[in-house]
Amino acid sequence: MPETAPLQALTTANLLALADQCVQCGLCLPHCPTYRLDQLESESPRGRIAYMKALAGGNFEPTSAGDTYLDHCLACRRCEAACPAGVEYGALLVGSRARQAERRPPGLRRRAVLALLARPRLLAGLLGAYRHAWRIVPDGLRRLPEPPVAGPGAGLEPSPAAPGRPSIFVGCIASSYEAPTRLALLKLLGAAGVDASIAPDQGCCGAAARHSGESAMADSLASANRAAFSDAGDVLCLASGCQETLAQSLEGTAPVVDAVAFLEAHAARLRFRHAGGRRVALHIPCTQSAVTGTAPALRRLLAHVPGVDLLELPDAGCCGAAGLHQVEYPSRAAALRAPMLDLLANCGALELLSSNIGCRLHIAQAAGIPVRHPIDFLAEHLA
Ligand code: SF4
Ligand code: SF4
């Protein structure tokens, strides 16, 4: 994982120094999904850096349009991965959004979603009720998207972390909707001879709060996770979108490792059965390619399954999920997702694998085929 800036609030000098790294070459523009969507400089990394720099330097009063362009940023960090000057766009964005949140408090919808993400049990109960209500409304009257289905394993009991023992990170919305994947991970770890726990009292990684500028909430979630994982060995993370924020929170407490990369390191002990030539599509989330860097480990791990017709989707840009973006800007999120859905529809795959829960939930709403974590597929094919 690339080095990340520390979590302390950035000073004006810090923000200006980060913005000054940009030499305005524009090489990042073709890699930016929002620039590709709108073809506007203001919707590009270079345009956003100029806006953040002007605000930090006090040369410019914030405008509603400028704030909207900043809100549209997906925090995918494709620009950072493409930048030859090494601009730390992610750190600049988080610091600038923290200031933005101070002068422009978040709206009701954002506050409500962040509050729910910080309370996974309440969130799981409400999503269950929403699903029930959605089922009883007749087809033609449904105005909201179909909620995802919580699978078996949602009641999996946490087990105390023991010193040196790997512990699985659960997360917020994933506490319900990734429960089957945690069972699958435990099955794979068991087959590899690894005894893992699920530390109690852990919570949301805080990425959504951090990327929304809600630093106090993100700090509080980080503190709770530090206490929960204080005795853990490696903390295994199933969601590429959570990993960096969790790693920053647990710095000096426990190392955070992509569960896929951890399993790949133990793959010599795993045996898989033939997949019967099944065509499976693979989606690499932005956070896996630009932040965690674990896509190669995932490809190597999947290659251990014989007889799978694995088709990695060509890069069609960010799927549009991007944390709260899919909730706050559903039509933009759908437009960003469309090219990827076209690729999926034309490839003949029977299912799609993706390592980030936010991407999976967003893509599954329109994919027409099952969308699962690669860990689910791997566990299903254990010999
Ligand atoms: S962020 Fe990097 S690639 Fe983009 S304009 Fe600035 S220096 Fe160039
Ligand atoms: S983080 Fe993503 S959406 Fe935001 S400016 Fe960079 S490439 Fe564009």
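Rules behind the numbers
- For every chain, the first residue of the written sequence is number 1, and numbering continues from 1 onward in sequence order.
- Chains and ligands are labelled by the order in which they are written, letters from A for the one and numbers from 1 for the other.
- Where local features are concerned, this predicted model is filtered to residues with pLDDT of at least 70; where side-chain atom pairs are given and counted, the filter is 80 or more; whole-chain, interface and lining totals use all residues.
- Strands here are runs of E lasting at least two residues and helices are runs of H or I lasting at least four, both read from the DSSP assignment and numbered beginning at the N terminus.
- Radius of gyration means the value over C-alpha atoms here, while the globule rule gives 2.2 Å times the residue count to the 0.38 power.
- Counting other C-beta atoms within 10 Å of a residue's C-beta gives its exposure: the residue is buried at 20 or more, exposed at 12 or fewer, and partly exposed in between, where C-beta atoms are placed from the backbone.
- Note on contacts: residues are paired as contacts if their backbone-placed C-beta atoms lie within 7 Å.
- Near residues are defined by distance alone, with the backbone-placed C-beta atom required to lie within 6 Å of the molecule or strand.
- In the scheme used here, Gly and all other residues not listed as nonpolar or charged are polar, with Ala, Val, Leu, Ile, Met, Phe, Trp, Tyr, Cys and Pro taken as nonpolar and Asp, Glu, Lys and Arg as charged.
- We define a nonpolar core as a collection of buried residues of the types Ala, Val, Leu, Ile, Met, Phe, Trp, Tyr and Cys that are connected via C-beta atoms lying within 7 Å of each other.
- An automatic or database domain assignment is the source of the domain bounds shown.
- The reported arc concerns the directions from the helix axis to the C-beta atoms and nothing else.
- For helices, the axis comes from a line fit to the C-alpha atoms of the stretch in contact; other axes are also lines fit to C-alpha atoms, and the angle between any two N-to-C directions lies between 0 and 180 degrees.
- To sort the angles, those under 35 degrees are grouped as roughly parallel, those over 145 as roughly antiparallel, those from 65 to 115 as roughly perpendicular, and the leftovers as oblique.
- Crossing handedness: left-handed means the near helix sits turned counterclockwise from the far one by under a right angle, and right-handed means the same turn made clockwise.
- By definition, two strands form a pair when at least two bridges between them are found by DSSP.

A.B. asks: Would you explain the overall build of the protein chain in this entry?
C.D. replies: Check the secondary structure of the protein chain and you find 20 helices and seven strands. Here the C-alpha atoms of the protein chain give a radius of gyration of 21 Å, agreeing with the 21 Å that 2.2 N^0.38 yields for 383 residues. Projected onto the principal axes, the alpha-carbon positions of the protein chain cover approximately 65 × 50 × 45 Å. Here the protein chain holds 383 residues, and the buried ones make up 47% of them. Across the protein chain, contacts joining residues at least 24 apart in sequence account for 74% of those joining residues at least 6 apart.

A.B. asks: Honestly, the site of ligand 2 in this entry has me stumped. Any pointers?
C.D. replies: Looking at ligand 2, there are 14 residues lining it, with Cys32, Pro45, Cys73, Cys76 and Cys79 nearest. At the level of secondary structure, the elements contributing two or more residues to the shell around ligand 2 comprise α2 (33–38), α3 (45–56) and α5 (78–82). Of the residues in the shell around ligand 2, the class split is nine nonpolar, two polar and three charged.

A.B. asks: Whenever I open this one, the nonpolar core confuses me. Can you help?
C.D. replies: As a rule of thumb, nonpolar side chains are buried together in soluble globular proteins. By size, the foremost hydrophobic cluster in this structure holds 109 residues, and its most contacted members are Val235 and Cys237. With six residues, the top contributor of residues to this core is helix α19 (residues 357–367). Beyond its immediate chain neighbours, meaning those up to four positions away, cysteine 237 contacts Phe169, Cys242, Gln243, Leu246, Val256, Val257, Asp258 and Ala259.

A.B. asks: I would appreciate a short explanation of the domain arrangement of the protein chain in the present structure.
C.D. replies: A common way to state how big an interface is: give the accessible area lost once the parts meet. As far as domains go, the protein chain holds domain 1 (12–103), domain 2 (120–264) and domain 3 (271–380). Looking at side-chain class alone, the side of domain 1 that touches domain 3 contains six nonpolar, one polar and four charged residues.

A.B. asks: Help me understand the environment of glutamine 365, please; the structure alone is not making it clear to me.
C.D. replies: Its location among the elements puts glutamine 365 in helix α19. Take glutamine 365: there are 19 C-beta atoms within 10 Å of it, and that puts it in the partly exposed class. Spatially, the C-alpha atoms of glutamine 365 and glutamate 214 are 28 Å apart, while their sequence positions differ by 151 residues.

A.B. asks: How should I be thinking about the environment of glycine 368 in this particular structure?
C.D. replies: For glycine 368, the position within the fold is in the loop between α19 and β7 (371–372). Glycine 368 sits in the exposed class, given 11 other C-beta atoms within 10 Å. Once the C-alpha coordinates of glycine 368 and methionine 340 are considered, the two residues, 28 residues apart in sequence, prove to be 13 Å apart.

A.B. asks: Is there a simple way to explain the site of ligand 1 in this structure?
C.D. replies: With respect to spatial proximity, 14 residues lie near ligand 1, and among them Cys22, Cys25, Cys28, Cys83 and Ala85 are the closest. Here the shell around ligand 1 takes three residues from α3, the largest share from any one element. A breakdown of the residues in the shell around ligand 1 according to their chemical character gives 11 nonpolar, two polar and one charged.

A.B. asks: For this particular structure, what's the right way to read helix α4 (residues 64–72)?
C.D. replies: For the α-helix, the turn length of 3.6 residues means that residues three or four positions removed from each other point alike. Looking only at α4, the buried set comprises Gly66, Leu70 and His72. Taken end-on, α4 shows its buried residues confined to a sector of 160°, consistent with a single buried face. Exposed side chains of α4 directed beyond 90 degrees from the buried face belong to Ser64, Ala65 and Thr68. Where α4 is buried, its residues touch α2, α3, α6 (89–103) and α18 (330–347).

A.B. asks: What is the right way to read the packing of α3 against α6 from this model?
C.D. replies: Relative orientation of the contacting elements α3 and α6 amounts to 45°, with a least axis distance of 11 Å. As summarised for this structure, α3 and α6 are arranged oblique, according to the angle between their axes. The crossing of α3 and α6 is left-handed. For the pair formed by α3 and α6, the contact residues are Pro45, Ile49, Met52 and Leu55 on the first element and Tyr89, Leu92 and Ser96 on the second. For the contact of α3 with α6, a count of residues per class yields six nonpolar, one polar and no charged.

A.B. asks: Please clarify how the sheet that holds strand β3 (residues 256–258) should be interpreted in this entry.
C.D. replies: Strand pairing in a sheet relies on backbone hydrogen bonds. The paired strands run either parallel or antiparallel. Sheet architecture is open: three strands sit in the order β1-β2-β3, paired in parallel fashion. Each having just a single partner strand, β1 (167–168) and β3 make up the two edges of the open sheet. Examined bridge by bridge, strand β2 (residues 235–237) and β3 share three bridges and lie parallel to one another. If you follow leucine 236 over to β3, its bridge partner there is valine 257.

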